[in-house]
Structure formats: structure tokens, C-alpha cells
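# Structural overview
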Amino acid sequence: MMLQYDKNKYKAYNSKHWMILHWKINPGLFINELILGQRLPKLSLVDKTSSKPLIERSLIPCPHCKTFHDAKTWSAQNGTAFKNWFGLYCPNCGEIIPCIFNYTSLVILALSYPIWFSFKNKWKQKWLAKQPERYKNLDLTSKPNPYDGWGWIRIGLGWGSVMFVIMSILYPYFIEGDFRWVKVFIGIPVWTIGGLAFGYMMKVLMGKPGNKTA
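Described below are features of the structure shown in this document. (Residues numbered from 1 in each chain as written. Predicted model: local features only at pLDDT ≥ 70, side-chain atom pairs only at ≥ 80, totals over all residues. Heavy atoms only, no water.)

## Some points on the pairing of strand β2 (residues 44-47)
Under the convention used in this document: Here the term buried applies to any residue with accessible area under 20% of the maximum for its type, exposed to any over 50%, and partly exposed to those in between, with areas from a 1.4 Å probe on protein chains only. Helix and strand labels come from DSSP, where a helix needs a run of H or I of at least four residues and a strand needs a run of E of at least two; each type is numbered from the N terminus. For two strands to be treated as a pair, DSSP must find no fewer than two bridges joining them.
In β2, alternate side chains face the same way, and those of Ser44 and Val46 on one face and Leu45 and Asp47 on the other are all buried. Of the pairings in the sheet, the one linking strand β1 (residues 10-13) to β2 comprises four bridges and is antiparallel in character. Across the sheet, the residue bridging to tyrosine 10 is aspartate 47, located in β2. Taken together, the two bridges between β2 and strand β3 (residues 58-61) define a ladder with antiparallel strand orientation. Paired with leucine 45 across the two strands is leucine 59, which belongs to β3.

Here is the structure:
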């Protein structure tokens, strides 16, 4: 059953939104999903009636219990931004909030299916058993936007550095079997610029205020 919400109050971020599309098609984001366990819900909502920055107006609804969770429920400040390999755990009902998949992740999962299919269910049960403890004493108070000031540069360069190592060194060496130093030297400016662009984009998006007052 489709989740019902007030479309006059909330703006939906679903598969039609460009940010969701970017998550799906960016090949580098398979690292976030498969290794780090960072997931993006199929549906998130933004309160259009609030003048707070976007980061403070974002909600993630659970389709099972209909609870509208503050997006900070799954955040670095609560230690819950990662390790969400099977989806976002709902601390209210214990069900899993559906998430989208990066296309590269799907290809890798399909190719490696013979390796992981036999222990997937056992791993999922162990993962579920650990979730309630992770969501005790959540801190949903407002925190300074990590992208404010020069924070976007630090975060952007950090993200770019990780992507540089993965895409310019590890991927060519282990996956393509065609490691070349020229790719490394080209990757340095490419991922530096890409990281800064990513950080600045997040600074603009997360700090964007609403159009109305609460």
C-alpha cells in the first residue's frame, strides 16, 4: 500500500528526483552501499512549511508503521549513518524501510551471487539483532551544519580522496587488471575538483532554507 502524506506540506524525494537518480547512476557510490552500508530511502520528505535549512526539514517515513522519522535518526552524529546494508532500520516498529540500489551495486551483487547467497539470511538475522541497541538514546537535536564555513572543503576533499584511491588505484588494479600510473596522475586533479564540487553542492543543498515560516 502506498504511503499517504500531505502533498501541500511535504515535498517528496523519490525516484523521479535528480538526487536519487545521481545515487543510482554514479558508479563510485557502490562503495557507500556495499562496503560502508550507507543507504538512501526510496522515499524521503521535506517539510515545505518550515523555514529551517533543508538538513533540519528532512523526514524519512516508515511504510510499515507510518512513522515520520527525523532524518537525523540515520546520521553520523548518532553513529547510524553506516552499516545499513539491508536498509534503514525503523526503531519504532523494527521493520526495514526500503532503500534504492545503485546500479553498479546491483551488477556486483548479481555477479557475486554464488558467493553470498548461502549466508545472506544468517547475516541479516545477526544484523537485525544488533539494530535496537544502535538506536537507543538518539540525539535528534539541531547540530551545526557540517558543510558550513570551510567544512564543505574538508568533507569534499575527504570524499574525493576516497574516490581517488578506489577508482584510480584499486579498481584498475583488482578489477580491470590494467593499472597505469597515468591514470593515477589524471585522477588527482579529477577527484580533487570532483570532491570540491561535491562538498560545495552539499553545502548549498543542506543549508537551503524553506520558502515559508513554520
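## Let's talk about the state of the cysteines
In a disulfide, the sulfur atoms of two cysteines are covalently bonded to one another. Under the convention used in this document: We call a pair of cysteine sulfur atoms a disulfide when they lie within 2.5 Å.
For the coordinates displayed, the defined rule picks out zero disulfides. Lacking any disulfide linkage, cysteine 93 is separated from the closest cysteine sulfur, that of cysteine 90, by 3.6 Å. In this structure cysteine 93 comes out as partly exposed when scored by relative accessible area, which is 33%. Between cysteine 99, a free cysteine, and cysteine 62, which holds the nearest cysteine sulfur, the sulfur-to-sulfur gap is 11 Å. Residue cysteine 99 is classed as buried on the basis of its relative accessible area of 9%.

## Observations regarding the packing of aromatic side chains
To keep things clear, this is the line we draw: Aromatic contacts are taken between Phe, Tyr and Trp rings whose centres are within 6.5 Å, Trp giving its six-membered ring; a plane angle under 30 degrees counts as stacked, one over 60 as edge-to-face, and the others as tilted. Charge over a ring is defined by NZ of Lys or CZ of Arg lying within 6 Å of the ring centre and within 35 degrees of the ring normal.
Tallied over the entire structure, the rule returns 11 aromatic pairs. Judged by centre distance (5.2 Å) and plane angle (85°), the rings of tyrosine 113 and tryptophan 116 are edge-to-face. Residue tyrosine 113 and its partner tryptophan 116 are both found in helix α5 (residues 113-116); the two are separated by three residues, about one turn of the helix. One aromatic cluster is present, formed by Trp85, Phe86, Trp123 and Trp127 through successive ring pairs. Between the NZ or CZ atom of arginine 39 and the centre of the ring of phenylalanine 101, over which it lies, the distance is 4.4 Å.

## A short note on helix α7 (residues 151-176)
Under the convention used in this document: Multiplying 1.5 Å by the residue count of a helix minus one yields the expected span of that helix. What is called the bend at a residue is the angle between a pair of axes, fitted to the seven residues leading up to and ending at it and to the seven starting from it.
Between its terminal C-alpha atoms α7 stretches 35 Å, which fits the 38 Å expected from 26 residues at 1.5 Å a residue. Within α7, the axis deviates most sharply at leucine 170, by approximately 50°, and proline proline 172 lies no more than four positions further along. Taken together, the buried positions of α7 are Gly151, Trp152, Gly156, Trp159, Gly160, Met163, Phe164, Ile166, Ser168 and Pro172. Glycine 177 sits one or two positions beyond α7 and adopts a positive phi of about 65°.

## As for the side chain of asparagine 78
For clarity, the threshold we go by: Any pair of N or O atoms that falls within 3.5 Å is considered a polar contact. Within protein, one atom must be able to donate a hydrogen and the other to accept it, and sequence-neighbouring residues count only if both atoms are side-chain atoms. We call two residues contacting when some pair of their heavy atoms lies within 4.5 Å.
Locating asparagine 78 in the fold gives a position in the loop between β4 (68-70) and β5 (88-89). Under the relative-accessibility criterion, asparagine 78 is labelled buried at 14%. Within the structure, the side chain of asparagine 78 is placed 2.7 Å from the backbone nitrogen of aspartate 139, a separation counted as a polar contact. In contact with asparagine 78, not counting residues within four places along its chain, are Lys72, Thr73, Arg134, Asn137, Leu138, Asp139 and Leu140.

## What to know about unusual backbone geometry
Backbone geometry places lysine 66, a non-glycine residue, at a positive phi of 65°. Here lysine 66 lies in the loop between β3 and β4. Positive phi, normally seen in glycine, also occurs at asparagine 137, with a value near 55°. If you trace the backbone, asparagine 137 turns up in the loop between α6 (120-134) and α7. For asparagine 137, a relative accessible area of 77% corresponds to the exposed category.

## Let's talk about the nonpolar core
Note the following rule: In these notes, a set of buried Ala, Val, Leu, Ile, Met, Phe, Trp, Tyr and Cys residues joined through side-chain atoms within 4.5 Å is what counts as a nonpolar core.
Of all hydrophobic cores here, the largest spans 13 residues; its most connected members are Ile60, Trp74, Leu88, Ile97 and Trp127. Of all the elements in the fold, those that place two or more residues in this core are β5 and β6 (96-97). Once you skip the residues sitting within four places of it in the chain, isoleucine 97 turns out to touch Pro41, Ile60, Pro61, Cys62, Pro63, His69, Trp74, Gly87, Leu88 and Cys90. The next biggest cluster of nonpolar side chains, apart from the first, holds nine residues, and it includes Trp152, Val184, Trp191 and Phe198.

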